[in-house]
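An overview of the molecular structure
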Amino acid sequence: MAVLYDRFGGLLYSIIFRAVRDQSTAEDLVQETFFRIWNRIHTFDAEKGRLEPWLVTVARNRAFDHLRSVRGAATELTSFDELERAGHFAIASGPRADHVVQRRAVEQALTSLNETQREVIELTHFEGMTQAEIADKLHKPLGTVKGLVRSALRVLREAAEGSAAQ
Amino acid sequence: MNNLDNCADFRELYELYSLGLLDASEKERIDEHLAAGCEQCRASIEQALLQNAILSGTVTLVKPPAHLRQRVLAGFGEARPRRNWFWAFALTAAACFLAAIGLFLQNRELQTEMAQATRRNALELARVADVSRILQAPGTRLVTFGPGAAPHGSVFVHAKLGIVMVAGTLAPAPAGWNYETWIVPASGAPRAVEAFTPDANGSAITIIPGAVDPNSVKAVAVSLEPAGATLQKPTKVLFAAAI
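Anyway, here's the lowdown on the structure attached to this text.

About the cut-offs
Residues numbered from 1 in each chain as written. Chains lettered and ligands numbered in written order. Predicted model: local features only at pLDDT ≥ 70, side-chain atom pairs only at ≥ 80, totals over all residues. Heavy atoms only, no water. Helix = DSSP H or I, 4+ residues; strand = E, 2+ residues; numbered from the N terminus. Buried < 20%, exposed > 50% of the residue type's maximum accessible area, 1.4 Å probe, protein only. Areas by Shrake-Rupley, 256 points an atom, 1.4 Å probe, with all protein chains shown as cover. Phe/Tyr/Trp six-rings, centres within 6.5 Å; stacked < 30°, edge-to-face > 60°. Lys NZ or Arg CZ within 6 Å of the ring centre and 35° of its normal. Axes fitted to C-alpha atoms, helices over the stretch in contact; angles between N-to-C directions. Parallel < 35°, antiparallel > 145°, perpendicular 65-115°, else oblique. Left-handed = near helix turned anticlockwise from the far one by under 90°. Contact = heavy atoms within 4.5 Å. Nonpolar A, V, L, I, M, F, W, Y, C, P; charged D, E, K, R; others polar. Core = buried A, V, L, I, M, F, W, Y, C linked by side-chain atoms within 4.5 Å. Polar contact = N/O pair within 3.5 Å; in protein donor to acceptor, adjacent residues only side chain to side chain. Salt bridge = Lys/Arg side-chain N within 4 Å of Asp/Glu carboxyl O.

1. Thoughts on the overall build of chain A
Scanning chain A from N- to C-terminus turns up 7 helices and 0 strands. Starting at the N terminus and ending at the C terminus, chain A contains elements arranged as α-α-α-α-α-α-α. Looking at chain A residue by residue over its 166 residues, the buried ones come to 57%. Accessible surface computed for chain A: about 6800 Å², of which carbon and sulfur atoms make up 49%.

Shown next as structure tokens:
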């Protein structure tokens, strides 16, 4: 676990801290994340999937569960249980370099979004807000927010898929 | 979205679906579609999970506090409960498992050794996995205590599996004193269940395995007790988390 923490601890802490914006809470959630990873590492097959996307997903879900709990939204500890199965990441098979290339492509695509598109992606992917919550926060119609989210995600998706195909 | 006619329409929503951020009506339609066994959409879900992970990975890196490493790693074997036989197994299993993880990350050949080590230690791991099982079990309730003040932490309660308490910011016990975990029933005297020693960073994890009747248990409490004392009631109660 020390090796795992040394390699990914900083990234997982950053993702959680970005969401909850509180050091003490982030530390608690990082600890919970490593418990969850520890309990499930035996389900991960290194020949069929990559570790990092799975770890990132587990960490982000812990942060989102916490935020929804704080907001009073309906939640339970296992709300992401099904979607955290390591087997879902089997399609991520391939050299680590692919992942780095995809991340760079997505980072670049993020800069091509307009300010509002970037903001809605920040709110969905880093703060776990629903589209209705974003509509309230930005004082925009829900339909407008949905359009913004979908168009932004389309740009990012095409950037990742395009880089993976090269 | 009122016009979800085919898989391509759904594909637009899978990132939000896998983040749990869709409207109830949209989620319901996708659930129904997936339940019908659409393999193309199952593959799309996996692609969306990867896409979300890549996007989350673009976060600006923040250096975690130095003590967090110790705290996380301490959670895998440094708490010292009274049941020596349990933690003898736990420490052995944790050490073997940590070694296995290291091998796993070094190269594929060593990963095979990790799998073998994991199998060899399956029985020991089953014991130490009690903590994780409670944390992830459906129906586990989370109670936090002392937010923003010392000490603070979380209590995970599962009616059939037991209780896990994760505490932080605990000062070292004074010389000649020990930390003790208590179950406080709705009526009757508190019951001492677990002695523990916080790690160097003031963190500790205790597990109270077994069924918990939420109607008969009022709280989990932590106290300081004189070393060697007969534990009949808490001496110096530090905190109690109502469950």
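2. Re the packing of aromatic side chains
Evaluated as defined, the whole model comprises 5 aromatic pairs over all chains. Centre to centre, the rings of A:Tyr5 and A:Phe34 are 5.5 Å apart; their planes meet at 45 degrees, and the pair counts as tilted. Here A:Tyr5, found in helix H1 (residues 2–20), pairs with A:Phe34, found in helix H2 (residues 23–40); they are 29 residues apart in sequence, far enough to count as distant. Considered together, A:Tyr5 and A:Phe34 belong to a single accessibility category, that of buried residues. The positively charged end of A:Arg60 is found above the aromatic ring belonging to A:Phe64, 5.9 Å away from the centroid. Note that B:Lys236 overlies the ring of B:Trp177, its terminal NZ or CZ placed 4.4 Å from the centroid.

3. A closer look at the packing of H1(A) against helix H5 (residues 66–74) of chain B
For the pair H1(A) and H5(B), the least separation of the axes is 11 Å and the interaxial angle reads 125 degrees. By the angle class used here, H1(A) and H5(B) are oblique. Pair H1(A) / H5(B) crosses with right-handed handedness. In this structure, H1(A) uses A:Ala2, A:Tyr5, A:Asp6 and A:Tyr13 to contact H5(B), whose residues at the interface are B:Leu68, B:Arg69, B:Val72 and B:Leu73. The residue makeup of the contact of H1(A) with H5(B), split by class, is 6 nonpolar, no polar and 2 charged.

4. Quick look at the packing of helix H5 (residues 115–126) of chain A against helix H4 (residues 39–56) of chain B
Where H5(A) meets H4(B), the closest approach of the two axes is 10 Å, and the angle between their N-to-C directions is 110 degrees. The angle between H5(A) and H4(B) places the two elements in the roughly perpendicular class. Residues A:Ile121, A:His125 and A:Phe126 of H5(A) form the contact with H4(B), whose own contacting residues are B:Asn52, B:Leu55 and B:Ser56. Here the residues of the contact of H5(A) with H4(B) sort into 3 nonpolar, 3 polar and no charged.

5. Looking at the nonpolar core
One finds A:Phe34, A:Ile121 and B:Tyr14 to be the most contacted residues of the largest nonpolar core, which totals 80 residues. A total of 10 residues in this core trace back to one element, the largest contributor, which is H1(A). The contact partners of A:Phe34, leaving out residues within four places of it in the chain, are A:Met1, A:Leu4, A:Tyr5, A:Gly9, A:Leu12, B:Val72 and B:Phe76. Of all hydrophobic cores here, the second largest spans 22 residues; its members include B:Val143, B:Val155, B:Ala204 and B:Val222.

6. A look at the side chain of B:Ser18
All names here are of chain B. Structurally, Ser-18 is set in helix H2 (residues 14–18). At 3.1 Å, the side chain of Ser-18 forms a polar contact with the backbone oxygen of Glu-15. In this structure the side chain of Ser-18 is engaged in a polar contact, spanning 2.8 Å, whose partner is the side chain of Asn-52.

7. Things to note about the environment of A:Phe64
Along the chain, the position of A:Phe64 falls in helix H3 (residues 51–71). Measuring from C-alpha to C-alpha, the distance between A:Phe64 and A:Thr124 comes to 9.9 Å, with 60 residues separating the pair along the chain.

8. Examining the pattern of salt bridges
Counting across every chain of the model gives 15 salt bridges over all chains. Ionic pairing is found between B:Glu26 and A:Lys146, a salt bridge with its closest N-O pair at 3.2 Å. Of this pair, B:Glu26 sits in helix H3 (residues 24–35) while A:Lys146 sits in helix H7 (residues 142–165), on two different chains. Between B:Glu15 and A:Arg157 there is a salt bridge, with the nearest N and O atoms lying 2.9 Å from each other. Of this pair, B:Glu15 sits in helix H2 while A:Arg157 sits in helix H7, which puts the two residues in different chains. Of the two residues examined, B:Glu15 and A:Arg157, each falls in the buried class. Ionic contacts of the salt-bridge type, sharing partners, join the residues A:Arg154, A:Arg157, B:Arg11, B:Glu12 and B:Glu15 into one network.

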